[in-house]
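# Summary of structural features
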There are 2 protein chains.
Amino acid sequence: MALPSGQRISLLRLFNRIIKNDIRCCSGRAPVRKCLSKMSLYPPTKQKGEFSNCKSQSLFLYNDILFPCHSGAYNYLPLGLRALEKLTRLIDEEMQNIGAQKIAMPSMIKASLWKRTGRWDTPELFKLKDRHSKEYCLGPTHEELITDMVSQFGMIPYKRLPIMLYQITTKFRDEMHPKYALLRGREFQMKDMYTFDTDEVTAKETYERICDTYCKIFNRLELNFKKVAGATGNIGGTLSHEFQLPSDIGEDTIYTCNQCGFGSNVELIDPIEVESNNVSCPKCKSEMEKSSGIEVGHAFYLGTKYSSVFNVYYGSRYNEKILTEMGCYGLGVSRILQAGVEVLSTDKYIRWPTLLAPYQVCIIPQMQGYASEEFLEISNDLYDRLSGLPNLKNEVVIDDRITMTVGKRIYQADTQGYPNIVVVGSKTLKEPRMYEIKTPKISSDSEYLTLDQLIDRLSIIETI
Amino acid sequence: MALPSGQRISLLRLFNRIIKNDIRCCSGRAPVRKCLSKMSLYPPTKQKGEFSNCKSQSLFLYNDILFPCHSGAYNYLPLGLRALEKLTRLIDEEMQNIGAQKIAMPSMIKASLWKRTGRWDTPELFKLKDRHSKEYCLGPTHEELITDMVSQFGMIPYKRLPIMLYQITTKFRDEMHPKYALLRGREFQMKDMYTFDTDEVTAKETYERICDTYCKIFNRLELNFKKVAGATGNIGGTLSHEFQLPSDIGEDTIYTCNQCGFGSNVELIDPIEVESNNVSCPKCKSEMEKSSGIEVGHAFYLGTKYSSVFNVYYGSRYNEKILTEMGCYGLGVSRILQAGVEVLSTDKYIRWPTLLAPYQVCIIPQMQGYASEEFLEISNDLYDRLSGLPNLKNEVVIDDRITMTVGKRIYQADTQGYPNIVVVGSKTLKEPRMYEIKTPKISSDSEYLTLDQLIDRLSIIETI
Ligand SMILES: [Zn+2]
Ligand SMILES: [Zn+2]
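Here the structure is a predicted model, which is why all the values come from computation and not from measurement.

## Let's talk about the overall build of chain A
Within chain A, the secondary structure is distributed over 13 helices and 22 strands. Each principal axis of the C-alpha distribution contributes one length, and for chain A these read about 85 × 60 × 45 Å. Buried residues in chain A amount to 59% of all 464 residues. As displayed, chain A offers around 19,200 Å² of accessible surface, 50% of which is attributable to carbon and sulfur atoms. With 58 positive and 56 negative side-chain charges, chain A shows a separation of 6 Å between the mean positions of the two kinds.

What follows is the structure, given as structure tokens:
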């Protein structure tokens, strides 16, 4: 299709401008300014959503959040990784707020450690040998490794307890049936935390404090969750709670009491009651309600199960040598990323927990003949202005893919779930210059704001 | 040893204050303020430096940066992980400045991909099978995986090139002889970047741009480095440069020409010249100088070696289907962390690249009878003041281990390498209140500053 010659010349000037801009900002020799975050820098994937009855999986594949690798393993594309890194920062912030310290342990764990706790025969362990035929597993969890490490710290003075150590790293599980992308993968990101306390009372205080922090995290993510009593399973211990996001595709069955608030995983409930479909609350005897949930967090009070195997002692006030009381606390980081989207989104539109959106603001310059260059210039200036706000540093992206219509780009920004979409269009050229802003989570209508109004609005967004 | 009763009472009040403070700031139920960064929250390790002729290894073990796990694998303790995360952020910033996009790929890679490039028999590969007997390796590098992924994007429009994708993840190598902690480990952090270009000319422009960025990164880290021609080895390709940090413990032998600046790895030099100990510069014929280096970065121009195996094409301006030209670019992230300390430190004192110090400011309250409580109070106020500066958010720690003398804590802060050590002592109680500040990298003397002077000084520190 031949364009009118005026428009062709204009597009040519525009291309040249973009190319010059790239050379100016990306020349290694004398970089004048850093590259803007631009959609044109993203790899174009041509990805189609795979068929799945899991909405979030389809949305992630169709919107360039993930790219499939092999069974149970996905590549994080740039937008997906940005969201994951935000979730990681949020968890770091909340963990450090309660005085927990972040560490990182190796993925490979010596077989001998898992043999000491009798867990070596777990069927989900990935196992391998090194060139000297020594055996290792790829850690799905690190109770053995950390307890062995802390035991080497020697007897810990009681004043230095509790110790709260956590990591956010890749974990491995040889799932029989990987499913729903990040919801049940064979490699996944997990926050695992291990605590050491003087006695049962303080260990349970620590337990409560961490559970409260988990609640705070889910609240900050706008996620409706249920905290229910859980089974201790392979991890062991005597007390356990699960954090569940109610969802039809959840693989856990939970019962909750609307009367007193108590909740429980089906695993803890008398199978006869379950079968009769009439479960009464163990606390208040009211009838309990059945639902499905995605497990996103788990807390275990372990007692001395691991500290007694690896000999982790503290020195008491009276100089006695006493076993520490342990707890362990998991958050399925990559699972939360997807489960959060699963419960907040529609079939067509990703709706992120707002804090996790890959960018808080997407600027879309209209493309329209002669004016295109001016739209792009205004968009770049707006980018600079907004990125200069303390809360929006690194939170603004320009969709400069000028070969796509403005309508298509707005639609994509909406499906990808940016909380604020700013269109630089014809109303931005006339005085008073107005910017069109869409906030899809709040309203499907557009608003038109002046630059000052726009900055006022966006400068108060919470970011992580 | 009995303390004078006045001092005992004072210490008791102090303990109570600290305990109250903890309850106040850490109560899960109603957290009033977040926990300060306090040394007392760190796990006390009783670690002794292992004997090693590698200074940085001893310093890292003795100063609670790392804790040994098994051969070639270390745990990052809280301070070590903080430094590693800063290096990660620095690299992210510089990569994104040139328009590179961050992704994350799985650790496990299907054997079939490595068989296609003929690299499956690499002896350093860790290999494993899943429960269905499918074979995988743990990726030491991801050329196969990423090229296979990008090939699935279909034919890429030429306007969308170059594509620059990178990740910073754990890599695995079954080293025959792991050595010197992070310098030669079996699990390590690597930044690996892969680029796709239209032709040799643009691919080499991309190559230069990335090499320039590597130079910038080492400059920001204050590291004296040499960029030398390297062999292409197992990765393949036709052009390669290494980034080397000169060091006696370096395992690479490099030759550099003081006349024209050219440098080369010994692997590229005629063995007869090497044996004769008389190597002349291939560019200007001057005699070259021999030295040892730690390889910290590597750039490879790959041509179509991988794109031809996995069929990564772009669509040219004239709609031709043409193989992309690739490059790959590594930075040994964990290796840089330790090698940087190796070349900057003395035998006793860690000297970090300033940007990477785990905290920029360590506040040490003196403990002295009645005044102890006041010292601690002033320190907490100072902590709030400094942490409130935009550049020092999360960069201040208080060493509140009141059972250690102030001298011992200052010595440890010096060995752990905090760039700014602020002592709150007797001069801080008298008017005008003076704070003692030590900046070990600049001078071994103390200075005494007023609060305003101290804030002026510290508010301009660059942080990452
Ligand atoms: Zn009830
Ligand atoms: Zn020369």
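Next, the rest of the story.
## Focus on the coordination of the zinc ion (ligand 1)
Residues and elements named next belong to chain A. In the first shell of the zinc ion (ligand 1), the protein supplies Cys257 (SG), Cys260 (SG), Cys281 (SG) and Cys284 (SG), at 2.2 to 2.4 Å from the metal. The coordination sphere of the zinc ion (ligand 1) comprises four donor atoms, whose angles at the metal cover 97 to 121°; the geometry is tetrahedral. Within one chain, the residues serving as donors to the zinc ion (ligand 1) are arranged as C-x2-C-x20-C-x2-C. Relative accessible area serves as the criterion here: at 0%, Cys281 is assigned to the buried category.

## Some thoughts on the relation of the copies chain A and chain B
Between the two copies, chain A and chain B, the superposition gives an RMSD of 0.0 Å; the rotation angle is 180° and the shift along the axis is 0.0 Å. Taken together, these values place the two copies in the relation of a two-fold axis. It is Leu128(A) whose C-alpha, among those of chain A, lies nearest the rotation axis, at 2.6 Å. The fraction of interface residues of chain A whose copies in chain B are also interface residues reaches 100%, indicating that both copies meet through the same surface.

## Focus on the environment of Asp270(A)
Considering the arrangement of structural elements, one finds Asp270(A) in the loop between β13 (263–265) and α7 (271–276). Separated by 20 residues in the primary sequence, Asp270(A) and Gly250(A) have C-alpha atoms spaced 21 Å apart.

## Side note on the confidence of the model for chain A
Put simply, chain A has an average pLDDT of 91, and 92% of its residues get 70 or more. Confidence drops under a pLDDT of 50 for residues 1–32 of chain A, and excluding neighbours within four residues, the segment shows 39 contacts in the predicted structure.

## Concerning the sheet that holds strand β22 (residues 446–449) of chain B
The pairing of strands in a sheet comes from backbone hydrogen bonds and takes either a parallel or an antiparallel form. Residues and elements named next belong to chain B. Read across the sheet, five strands follow the order β19-β18-β20-β21-β22 without closing on themselves; strand pairing throughout is mixed. In this open sheet, the two strands that pair with only one neighbour each are β19 (396–398) and β22. The sheet shows a mean angle of 25° between the axes of neighbouring strands, taken without regard to direction. Direction of pairing for strand β20 (residues 420–424) relative to strand β21 (residues 435–438): antiparallel, over a ladder of three bridges. Each bridged residue has a counterpart across the sheet, and for Val422 the counterpart in β21 is Ile437. Strand contacts of helix α10 (residues 372–387): β18 (361–365), β19, β20 and β21, with the helix running at about 165° to β18, the strand carrying the most contacts. Here helix α11 (residues 406–416) sits on the sheet and contacts β18, β20 and β21; the angle it forms with β18, its principal contact strand, is near 170°.

## Thoughts on the interface of chain A and chain B
Facing 73 residues of chain A, the contacting portion of chain B comprises 73 residues. Here chain A packs against chain B, burying approximately 6,600 Å² in sum over the two surfaces, 56% of which is carbon and sulfur. Sorting the residues of chain A by area buried against chain B places Arg131(A), Phe153(A) and Arg160(A) first, and these three jointly supply 11% of that buried surface. Counting every contact that joins chain A to chain B gives four salt bridges. Taking the shortest distance from any N to any O, the salt bridge between Arg186(A) and Asp130(B) comes out at 2.9 Å. Between the two partners, chain A and chain B, sit 20 residue pairs in polar contact (both at pLDDT 80 or more). Among the elements that line the side of chain A that touches chain B, the one with the most residues is helix α3 (residues 78–97) of chain A, at five residues. Each residue belonging to the side of chain A that touches chain B can be placed in one class, and the counts come to 38 nonpolar, 14 polar and 21 charged.

## Looking at the packing of aromatic side chains
Residue and element names in this part refer to chain B. Following the criterion strictly, the structure yields 17 aromatic pairs over all chains and no others. Summarising the aromatic geometry, the rings of Phe218 and Phe225 are spaced 5.4 Å apart at their centres and angled 40° between planes, so their arrangement reads as tilted. Phe225 carries the same exposure label as Phe218, and that label is buried. Measuring from centroid to centroid gives 6.5 Å for Tyr359 and Tyr418, while their planes differ by 45°, and the two rings are tilted.

## Let's talk about the state of the cysteines
All names here are of chain B. Within the structure shown, the criterion is met by zero disulfides over all chains. The cysteine Cys362 is free of any disulfide, with Cys35 supplying the nearest cysteine sulfur at 17 Å. The exposure class of Cys362 is buried, given its relative accessible area of 0%.

## Focus: the coordination of the zinc ion (ligand 2)
Residue and element names in this part refer to chain B. Each protein donor to the zinc ion (ligand 2) is listed here as Cys257 (SG), Cys260 (SG), Cys281 (SG) and Cys284 (SG); together their distances run 2.2 to 2.3 Å. For the zinc ion (ligand 2), the four donor atoms are set out with angles of 98 to 119° between them, so the coordination reads as tetrahedral. When the donor residues of the zinc ion (ligand 2) are listed from N- to C-terminus, their spacing reads C-x2-C-x20-C-x2-C. Separated by 24 residues along the polypeptide, Cys260 in the loop between β12 (252–256) and β13 (263–265) and Cys284 in the loop between α7 (271–276) and β14 (289–303) bring together distant segments of the chain.

## Re the side chain of Ser307(B)
Residue and element names in this part refer to chain B. Checked against the element boundaries, Ser307 lands in helix α8 (residues 307–310). Overall, the relative accessible area of 0% leaves Ser307 in the buried class. One polar contact links the side chain of Ser307 to the main-chain carbonyl oxygen of Thr324, over a distance of 2.7 Å.

## Digging into the domain arrangement of chain A
By convention, interface size is frequently given as the accessible area that disappears when the constituent parts associate. All names here are of chain A. Here the domain parsing of chain A yields domain 1 (5–31 + 359–458) and domain 2 (55–344). Each of domain 1 and domain 2 has a C-alpha centre, and these two points are 42 Å apart. Every contact between the two is made by eight residues of domain 1 and, on the other side, six residues of domain 2. Ranking the residues of domain 1 by area buried against domain 2 places Tyr359, Gln416 and Lys441 at the top, with a combined share of 60%. Here domain 1 is connected to domain 2 by five residue pairs in polar contact (both at pLDDT 80 or more). Class assignment for the residues of the side of domain 1 that touches domain 2 results in two nonpolar, four polar and two charged.

## Remarks on unusual backbone geometry
Cis rather than trans, the peptide bond between Leu161(B) and Pro162(B) has omega equal to 0°. A cis amide bond, omega -10°, links Glu431(B) with the succeeding residue Pro432(B). We note that Asp64(A) has phi near 60°; this positive angle belongs to a residue other than glycine. Relative to the helices and strands, Asp64(A) resides in the loop between α2 (55–62) and β1 (66–70). Phi is positive for Lys285(A), close to 70°, though the residue is something other than glycine. Relative to the assigned elements, Lys285(A) resides in the loop between α7 and β14 (289–303).

## Structural notes on the packing of helix α3 (residues 78–97) of chain B against helix α9 (residues 333–344) of chain B
Residue and element names in this part refer to chain B. Two numbers describe how α3 lies on α9: the axes approach to 10 Å, and their chain directions differ by 115°. Along this stretch, α3 crosses α9, giving a crossing that reads as right-handed. Taken together, the residues of α9 that come into contact with α3 (itself represented by Gly80, Ala83, Leu84, Leu87, Thr88 and Ile91) are Val333, Ser334, Ile336 and Leu337. Class assignment for the residues of the contact of α3 with α9 results in seven nonpolar, three polar and no charged.

## Section: the pattern of salt bridges
Residue and element names in this part refer to chain A. Inspection of the entire model under this criterion finds 48 salt bridges over all chains. The shortest N-O distance in the salt bridge between Lys441 and Glu222 comes to 2.8 Å. With Lys441 in the loop between β21 (435–438) and β22 (446–449) and Glu222 in the loop between α6 (200–220) and β10 (226–229), this pair connects stretches of sequence that are 219 residues apart. Residue classification places Lys441 among the partly exposed positions, given a relative accessible area of 36%. Overall, the relative accessible area of 36% leaves Glu222 in the partly exposed class. The network of salt bridges with common partners includes Glu93, Glu94, Lys216, Arg220 and Glu462.

About the criteria used
- Residues numbered from 1 in each chain as written.
- Chains lettered and ligands numbered in written order.
- Predicted model: local features only at pLDDT ≥ 70, side-chain atom pairs only at ≥ 80, totals over all residues.
- Heavy atoms only, no water.
- Helix = DSSP H or I, 4+ residues; strand = E, 2+ residues; numbered from the N terminus.
- Buried < 20%, exposed > 50% of the residue type's maximum accessible area, 1.4 Å probe, protein only.
- Areas by Shrake-Rupley, 256 points an atom, 1.4 Å probe, with all protein chains shown as cover.
- Lys, Arg positive; Asp, Glu negative; His and termini not counted.
- Charge placed at Lys NZ, Arg CZ, Asp CG, Glu CD.
- Donors = N, O, S within 2.8 Å, 3.2 Å for Na, K, Ca; no water.
- Tetrahedral: all angles 85-135°; square planar, octahedral: opposite > 155°, others 65-115°.
- Least-squares fit on C-alpha atoms with pLDDT ≥ 70 in both.
- Contact = heavy atoms within 4.5 Å.
- pLDDT = per-residue confidence, 0-100.
- Pairing = 2+ DSSP bridges.
- Axes fitted to C-alpha atoms, helices over the stretch in contact; angles between N-to-C directions.
- Buried area = accessible area lost by both parts, 1.4 Å probe.
- Salt bridge = Lys/Arg side-chain N within 4 Å of Asp/Glu carboxyl O.
- Polar contact = N/O pair within 3.5 Å; in protein donor to acceptor, adjacent residues only side chain to side chain.
- Nonpolar A, V, L, I, M, F, W, Y, C, P; charged D, E, K, R; others polar.
- Phe/Tyr/Trp six-rings, centres within 6.5 Å; stacked < 30°, edge-to-face > 60°.
- Disulfide = S-S within 2.5 Å.
- Domains from an automatic or database assignment.
- Left-handed = near helix turned anticlockwise from the far one by under 90°.

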